[in-house]
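# A structural walkthrough
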Amino acid sequence: MKRLVSRLFTPGEDKPIFIILATAGFTVSMMAPMMTLYVSIYHMGLTPGLLDHWLTKLIQNFPFALFAQIFYAGPLVRLIFRTLFRKQLATQKHTSALAA
């Protein structure tokens, strides 16, 4: 994901919200089709109607997955990691401030 996002945005130059939204968009655009396909195969098996079922469910799941990633899962995970790695982040900020 970082490689795809770094092609569009430059950390430090672009606003962080754009980088966060692009990362969420790329994550959902890769995960939602794969997870929907897995669940469709799990429930239906390899049947002739699989493609129609998969596309229907993907259209239903994708907007919710993107919404949930942007407003719930992403902020929760960032909060957890900021809390767990507070000491390392403070050291990193201090070191980068000294280098500048």
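Structure's up top.
This text gives an overview of the structure that appears in the document. (Residues numbered from 1 in each chain as written. Predicted model: local features only at pLDDT ≥ 70, side-chain atom pairs only at ≥ 80, totals over all residues. Heavy atoms only, no water.)

### A look at the overall build of the chain
If you tally the helices and strands in the chain, you get 4 helices and 0 strands. Going residue by residue from the N terminus, the α and β elements of the chain occur as α-α-α-α. In terms of C-alpha radius of gyration, the chain reaches 18 Å, well past the compact-globule figure of 13 Å for 100 residues. For the C-alpha atoms alone, the extent of the chain along its principal axes is close to 60 × 30 × 20 Å. Within the span of the chain, comprising 100 residues, buried residues form 13% of the whole. Put simply, 41% of the contacts in the chain that link residues at least 6 apart link residues at least 24 apart. In the form shown here, the chain has an accessible surface area of approximately 8,100 Å², with 71% of it arising from carbon and sulfur atoms. (Helix = DSSP H or I, 4+ residues; strand = E, 2+ residues; numbered from the N terminus. Rg over C-alpha atoms; globule rule 2.2 N^0.38 Å. Buried < 20%, exposed > 50% of the residue type's maximum accessible area, 1.4 Å probe, protein only. Contact = heavy atoms within 4.5 Å. Areas by Shrake-Rupley, 256 points an atom, 1.4 Å probe, with all protein chains shown as cover.)

### Re helix α2 (residues 16-44)
With 29 residues, α2 extends 41 Å between its outermost C-alpha atoms, agreeing within 8% with the 42 Å of an ideal straight helix rising 1.5 Å per residue. Those residues of α2 lying buried are Ala22, Ala24, Thr27, Val28, Ala32, Thr36 and Ser40. For α2, the elements touching its buried residues are α1 (2-8) and α3 (50-84). Two residues or fewer past α2, Gly45 is found with a positive phi of approximately 80 degrees. (Expected span 1.5 Å × (residues − 1).)

In short, shape yes, function no, at least from these values alone.
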